[in-house]
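# Structural characterization, general
Listed below, chain by chain, are the residues.
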Amino acid sequence: MCQYEIRTSLDDTGKAREHSEVLVDLKKAVDASKWNMFLKGSYAAEQYCAKAPDFKAFSPPKNDIQKDWKLTTPDERVMPNYINKEDLKHARLDQPFPVRMKRYDEFSIKGKAATSVVNEVLINCKEQKVANIAQRYYADDFEFKPHANPTLVTEFIETKDPNNIEENQWYSIGKDYLDHTGICSGVK
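None of these values were measured; they are calculated from a predicted model. (Residues numbered from 1 in each chain as written. Predicted model: local features only at pLDDT ≥ 70, side-chain atom pairs only at ≥ 80, totals over all residues. Heavy atoms only, no water.)

This part covers the overall build of the chain. Check the secondary structure of the chain and you find three helices and nine strands. Moving toward the C terminus, one meets the helices and strands of the chain in the order β-β-α-β-β-α-β-β-β-β-β-α. Residues counted as buried form 36% of the 188 residues belonging to the chain. Entry remark: accessible area of the chain is about 12,000 Å², with carbon and sulfur atoms responsible for 51%. (Helix = DSSP H or I, 4+ residues; strand = E, 2+ residues; numbered from the N terminus. Buried < 20%, exposed > 50% of the residue type's maximum accessible area, 1.4 Å probe, protein only. Areas by Shrake-Rupley, 256 points an atom, 1.4 Å probe, with all protein chains shown as cover.)

Below you can see the structure in the form of structure tokens.
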């Protein structure tokens, strides 16, 4: 039986975001586009796969169809995230630069279905901090079947002018996160 849970949260402007989690009906075949990747050391692998007798042979498939996105897993308890490769080419130490991060999951936003979210942030490598710019939710864009031009479902603009970020809009990020994701490696 399929079930879902709806959770509501607020963005920085106070605008409500509604998320839902959908459980798969295992009595029916699961469409290939619905699969998402997780790593051997992830929460899902440890909680579910590790209980299978042949877990030691477990080797998740490599997803190399993400041409514009670099796989990164800052927190292996959650699903993998991707960072836009083009954005990484513009990384700088002397000033903040924008970076897009993508995650695949099923979302229900204002009653509309979405399958991926792109978070646009401003990264300051020197100060080790980040500011949220926007979140954009897309439909029919899947991890193992990405869409070249997915349909925008909705967006939440958190910072209207990325050139004028106020101090209270910045959040500190750890050096471990920056090292693991590679966002600031090779900055000029």
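With that out of the way, let us pick up the environment of Gln 95. Checked against the element boundaries, Gln 95 lands in the loop between helix H2 (85-88) and strand S5 (97-109). Taking the C-alpha atoms as reference points, Gln 95 and Asn 124, 29 residues apart in sequence, are found 6.5 Å from one another.

The next subject is the packing of aromatic side chains. Taken as a whole and assessed by the stated rule, the structure comprises three aromatic pairs. Between the aromatic rings of Tyr 82 and Tyr 104, the centroid separation amounts to 5.8 Å while the plane-to-plane angle is 80°, which identifies the pairing as edge-to-face. Highlighted residues: Tyr 82 in strand S4 (residues 81-84) and Tyr 104 in strand S5, separated in sequence by 22 residues. With a relative accessible area of 0%, Tyr 82 lands in the buried category. (Phe/Tyr/Trp six-rings, centres within 6.5 Å; stacked < 30°, edge-to-face > 60°.)

Now for the pairing of strand S6 (residues 112-124). In terms of burial, S6 is a largely internal element, ten of the 13 residues being buried. Sheet analysis places S5 next to S6, joined by eleven bridges and oriented antiparallel. When the bridges of S6 are listed, Ser 108 appears paired with Ala 113. Sheet analysis places S6 next to strand S7 (residues 129-139), joined by nine bridges and oriented antiparallel. Within the sheet, the bridge partner assigned to Val 121 lies in S7 and is Asn 132. The turn linking S6 back onto S7 is made up of four residues, and Gln 128 within it adopts a positive phi angle of 55°. (Pairing = 2+ DSSP bridges.)

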